[in-house]
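Chains, contacts and geometry: an overview
Spelled out, the chains give:
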Amino acid sequence: MPLWLVAVETRTKFSNSNISLLTNRGFASSSSPSNVKHLKQIHAKLIRNGGILDILTAGKLIADIAVSNPSNLDYAKSVLTRLGYPPNTFMWNSMIRGYAHSPIPREAIFFYHQMLEKGFSPNNYTYPFVLKACTQLMDLNLGLGIHGTIIKRGFEDCDVFIQTSLVSFYASCGSIAIARQLFDRSPERDVTSWNALIKGYVRSNRHMDAISVFRAMQDRRDVQADEITLLGVVLACTQLGALEMGSWVHAYIDKNCVKVGTSLGTALVDMYARCGSIDVAMALFKGIPERDVRTWSVMISGLAINGLASEALDLFLEMQRDGIDPDSVTFTSVLSSCSHAGMVEEGLQILGKMGNFYKVEPTIEHYGCVVDLLGRAGRLDEALGLIRRIPLKPDVVLWGALLVACRAHKNVEMGEMVAKEMLKLDPYHCGAHVFLSNVYASTGRWAQVEQVRSSMKEQGIRKPPGSSLIELGGDVHEFLAGDRSHPQTSEIYMMWDEISRLLSLEGHVRSTNGVLFDIDEEEKEQALSQHSEKLAVAFGLINTRQGAAIRIVKNLRVCDDCHSAMKLISKIFDRLIIIRDRCRFHHFKDGSCSCSDYW
DNA sequence: ATAGGGTTAG
């Protein structure tokens, strides 16, 4: 017997008091069984008293079930199909909404198509959910089609929600230019529209543009930045490593009384830590009243990348005393702390306790940290043993950690083996190719060198361009390797010639180890003097007063030659030079570096 | 009755 017949048989007058049982439940609500149980109780009651026949009530029930937890979506679907009468647009929307936020967003699209096929009309509420699904799927073509339908049905120009969804969708799929056009064209924009655009630029690695949009936003009277705006802006500063700008944004937050909740507070702590201002980060951290696992994780890794590993481990203990359970990310921070400080035994111990004691199963990243840790200590055999022993399939990144160690400790045989493993997993891996080429070159196997190099050329394998950022008076200057586009180019190159001269007087001999990793032999010499961090440091020396620290943010690892040059430059010019690497800080002072020459 | 923007590491 269909359920709706059961409902009819037991029908009693449906009273309004039942509506209060159907409370709004967001996605954050837990997936506890009692939640489903509660919903089932309401469902049963509605069948008994006939409430299910009321389309508004049934709709609310379906919405509540669909939104409560993705695992309940099958249940919501079964309610929908057994109603005994046709569902309305609200119900379709609820199903699309539920699936858009689930791990299977493709189902949302399926429901949307079904809805159209069966002749139901989508409304303005439908499209934000549908676009959300497209965004989750990162499916540009699908979204383009949906956008077409939105235009055809006349929704494009009249709904700020749909416009913002479109901006967010295009930005997430890498089409930030289209997102920008839509934003500029929208007849109506509110703070969320601006936030979508700012976050879109951050996602597209266009951090300066994100900040420009924020500045443009401040010139307008019709919109006021909120906590989420600032979250995006702070993130942009973090990625840029732009301390001056970040501090300015922080001041803006205080001046405008923007609410600093746990999220924004965490973002600020992270910004200061990753801009090398660890004291400010710590002071801020202590002032955040409700610290969650992310806040702690950010602070721990902040200490670690700034070379304060034992403080990082102390904080890890304090976190547990505070009753916060570490998660997977926390362990990445903690294990990399050990790695930065060479605390091998501590690291191994923590890895050993992860699954049993902390109930966080180690992932491949965690093993990667420990391989790095062992590799750094020169315990290459143990690192290899670990890779062979883990219950997971080693990936390129894990092998890569060992390759770096083989390079640092000049273990040619193991390195060759590792590089070959990596190329099996990723035939286009640049680092592995270059390593092999170096190994062959160093052992005089020229035919093989030629083979690797020509195959790299054929396959178009190239290292991503290195870039260095340096901040000056609120502006961020970017240099690429061999860059001649900066207005001060001639001064910069003259300065570099002078630096070069002083370096050789100090007995600096160019090391070409790292350079072999970049390019062909014949281009080597030229490229050496043009690495982006060298241009940035020359620029910094020209434009800052004597004694001021020079802060540079680099997107890749520093090469051997730049590293040893920076050490000497810090001594010759008596400057603190701080370079943020792809993964850690180098504080160059008086001729030495905080990383102890392992990176 | 329903909608759009969100923090951590690698």
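Every value quoted in this text rests on a predicted model; they were computed, and no experiment measured them.

Definitions and limits used
- Sequence order as written defines residue numbering, which begins from 1 separately in each chain.
- Here chains are named by letter from A upward and ligands by number from 1 upward, in the order in which they appear as written.
- Per-residue local features are limited, in this predicted model, to residues with pLDDT of at least 70; the limit for side-chain atom pairs, both in listing and counting, is 80 or more; totals at the level of whole chains, interfaces and linings are taken over all residues.
- Note: side-chain values were computed over all heavy atoms of the structure, leaving out hydrogens and water.
- Helix numbering and strand numbering both begin at the N terminus, where a helix is a DSSP run of H or I of at least 4 residues and a strand a DSSP run of E of at least 2.
- Buried residues are those whose accessible area, probed at 1.4 Å on protein chains only, stays under 20% of the maximum for their type, while exposed residues exceed 50% and partly exposed ones sit between those limits.
- Contacts: residue pairs with any heavy atoms within 4.5 Å of one another.
- Only the protein chains shown count as cover for residues, and all accessible areas are computed by the Shrake-Rupley method using a 1.4 Å probe.
- Pairing of N or O atoms within 3.5 Å defines a polar contact, subject to two protein rules: one partner must be a possible hydrogen donor and the other a possible acceptor, and residues neighboring in sequence count only if both atoms are side-chain atoms.
- Note: pLDDT gives the predictor's confidence per residue, expressed from 0 to 100.
- Here, expected helix span is obtained from the residue count minus one, scaled by 1.5 Å.
- This arc is taken over the directions from the axis of the helix to the C-beta atoms.
- Within this analysis, patches are made of residues with over 30% relative accessible area and no salt bridge. Like charges are joined at 9 Å or less; nonpolar side chains (Val, Leu, Ile, Met, Phe, Trp, Tyr) at 5 Å or less.
- Salt bridges are counted wherever a side-chain nitrogen of Lys or Arg sits within 4 Å of a carboxyl oxygen of Asp or Glu.
- Two residue types count as positive, namely Lys and Arg, and two as negative, namely Asp and Glu; His and chain ends fall outside the count.
- Charged groups are reduced to one reference atom each: NZ for lysine, CZ for arginine, CG for aspartic acid, CD for glutamic acid.
- When DSSP finds two or more bridges between two strands, those strands count as paired.
- Near residues are defined by distance, with any heavy atom within 4 Å of the molecule or strand qualifying the residue.
- Residue type decides the class: Asp, Glu, Lys and Arg count as charged, Ala, Val, Leu, Ile, Met, Phe, Trp, Tyr, Cys and Pro as nonpolar, and the leftover types, Gly among them, as polar.
- Working definition of a nonpolar core: buried Ala, Val, Leu, Ile, Met, Phe, Trp, Tyr and Cys residues. They are joined through side-chain atoms within 4.5 Å.
- What counts as a disulfide here is a pair of cysteine sulfur atoms lying within 2.5 Å.
- UniProt positions are given in the numbering used here, feature names are shortened, and annotations may be inferred rather than shown by experiment.
- To obtain an axis, a line is fitted to C-alpha atoms, over the contacting stretch when the element is a helix, and the angle between two such axes runs from 0 to 180 degrees between their N-to-C directions.
- Throughout, the term roughly parallel applies to angles under 35 degrees, roughly antiparallel to angles over 145, roughly perpendicular to angles from 65 to 115, and oblique to all others.
- If you view the pair so one helix is near and one far, a crossing is left-handed when the near helix is turned anticlockwise from the far one by less than a right angle, and right-handed when it is turned clockwise.

1. What to know about the overall build of chain A
- On a plain count of helices and strands, chain A comes out with 31 helices and six strands.
- In chain A, which comprises 599 residues, the share counted as buried stands at 52%.
- Long-range contacts, defined as pairs at least 24 residues apart, comprise 64% of the intrachain contacts of chain A with a sequence gap of at least 6.
- For chain A, the exposed area adds up to about 28,200 Å²; of that, 53% sits on carbon and sulfur atoms.

2. Side note on the environment of lysine 359
- As for its placement among the helices and strands, lysine 359 is situated in the loop between α20 (344-358) and α21 (364-376).
- Residues lysine 359 and proline 326, 33 residues apart in the sequence, show an inter-C-alpha distance of 9.6 Å.
- Side-chain polar atoms of lysine 359 contact the backbone oxygen of asparagine 356, separated by 2.8 Å.

3. Observations concerning the confidence of the model for chain A
- Per-residue confidence for chain A gives a mean pLDDT of 86, with 91% of residues at or over 70.
- Every residue in residues 1-31 is under pLDDT 50, and counting partners more than four places away or in other chains gives 56 contacts.
- Taken as a whole, residues 514-525 scores under 50 in pLDDT and shows 25 contacts with residues more than four places along the chain or in a different chain.

4. Observations regarding helix α27 (residues 489-505)
- Over its 17 residues, α27 runs 24 Å from end to end, which matches the ideal 24 Å to within 8%, given 1.5 Å per residue.
- Residues of α27 that are buried include every one of Thr489, Ile492, Tyr493, Met495, Trp496, Ile499 and Leu503, and no others. Buried residues of α27 fall within an arc of 155° about the axis and therefore sit on the same side. What points out from α27, more than 90 degrees from its buried face, is the exposed set Ser490, Met494, Asp497 and Leu505.
- Turning to α27, the residues buried within the fold contact β2 (475-480), α30 (532-543) and α31 (560-572).
- Glycine 507 lies just past α27 and shows a positive phi near 85°.

5. Quick word on a negative patch on the surface
- A cluster of acidic residues, Glu311, Asp314, Glu318 and Asp322, forms a negative patch on the protein surface.
- With respect to the helices, strands and loops of the structure, aspartate 322 is situated in the loop between α18 (309-321) and α19 (328-341).

6. Let's talk about the pairing of strand β1 (residues 467-472)
- For β1, a buried count of five out of six residues is recorded, marking the element as mostly surrounded by other parts of the structure.
- A loop of two residues connects β1 with β2, the two strands running antiparallel in sequence, and glycine 473 in this loop sits at a positive phi of about 50°.

7. Some words on the protein's contact with DNA strand B
- Near DNA strand B there are 35 residues, and of these Leu56, Phe90, Asn195, Arg274 and Arg294 occur at the shortest range.
- Sugar and phosphate atoms constitute 38% of the interface atoms of DNA strand B, taking the interface as everything within 4 Å of the protein.
- Aspartate 226 has a polar side-chain atom sitting 2.3 Å from a base nitrogen of DNA strand B.
- Broken down by secondary-structure element, the contributors of at least two residues to the surface near DNA strand B are α5 (89-100), α7 (126-137), α9 (160-172), α11 (191-203), α13 (227-240), α15 (262-274) and α17 (293-305).
- In the surface near DNA strand B, the residues fall into 12 nonpolar, 13 polar and 10 charged.

8. Regarding the nonpolar core
- One finds Met95, Leu230, Met299 and Leu402 to be the most contacted residues of the largest nonpolar core, which totals 152 residues.
- Setting aside anything within four residues of it in sequence, one finds methionine 299 in contact with Val269, Ile278, Ala281, Met282, Phe285 and Leu315.
- Core analysis: the second largest hydrophobic core is formed by 30 residues, Phe479, Phe539, Phe588 and Cys593 among them.

9. Some points on the state of the cysteines
- Taken as a whole, this structure holds zero disulfides when the rule is applied.
- Take cysteine 369: it sits in no disulfide, and the sulfur closest to it among the cysteines is that of cysteine 338, at 9.2 Å.
- Using a relative accessible area of 10% as the deciding quantity, one classes cysteine 369 as buried.

10. Looking at unusual backbone geometry
- Not every positive phi belongs to a glycine, and cysteine 257 is a case in point at roughly 55°.
- Structurally, cysteine 257 can be placed in the loop between α14 (243-255) and α15.
- Given the relative accessible area of 66%, cysteine 257 is considered exposed.
- In this structure, lysine 359 is a non-glycine residue whose phi angle is positive, near 60°.
- For lysine 359, a relative accessible area of 65% gives the class exposed.

11. Some points on helix α25 (residues 430-442)
- Taking 1.5 Å per residue, 13 residues should reach 18 Å; α25 reaches 18 Å between its end C-alpha atoms and fits that length.
- Within α25, 11 of the 13 residues are buried, leaving the element largely enclosed by the surrounding structure.
- Residues of α25 that are buried include every one of Cys430, Ala432, His433, Val434, Phe435, Leu436, Ser437, Asn438, Val439, Tyr440 and Ala441, and no others.
- Two residues or fewer after α25 comes glycine 444, characterised by a positive phi angle close to 70°.

12. So, the UniProt feature "repeat: PPR" (unreviewed entry) in chain A
- The sites that UniProt annotates as "repeat: PPR" (unreviewed entry) are residues 88-122, 190-220, 292-326 and 327-357.
- In residues 190-220, helix accounts for 81% and strand for 0%; the two terminal C-alpha atoms are 11 Å from one another.

13. Digging into the side chain of threonine 295
- By the element assignment, threonine 295 lies in helix α17.
- Polar side-chain contacts of threonine 295 include one of 2.9 Å to the side chain of aspartate 292.
- Among residues more than four places away in sequence, those in contact with threonine 295 are Thr262, Thr266, Phe285 and Ile288.

14. A short note on the packing of α30 against α31
- Across the interface, α30 lies against α31 with an axial gap of 10 Å and an inter-helix angle of 20°. The orientation of α30 with respect to α31, classified from their angle, is roughly parallel. For the element pair α30 and α31, the recorded crossing hand is right-handed. Contact residues: α30 offers Glu533, Lys534, Val537 and Leu541, while α31 offers Asp561, Cys562, Ala565, Met566 and Ile569.

15. Description of the pattern of salt bridges
- Counting across every chain of the model gives 18 salt bridges.
- In this structure, aspartate 64 and lysine 60 form a salt bridge, with 3.3 Å as the shortest nitrogen-oxygen distance. Of this pair, aspartate 64 and lysine 60 are both found in helix α3 (residues 55-68), four residues apart, which corresponds to roughly one turn of the helix.
- What makes aspartate 64 buried here is its relative accessible area of 3%.
- By relative accessible area, which is 25% here, lysine 60 ends up partly exposed.
- Note that lysine 554 and glutamate 533 form a salt bridge whose closest N and O atoms lie 3.0 Å from each other.

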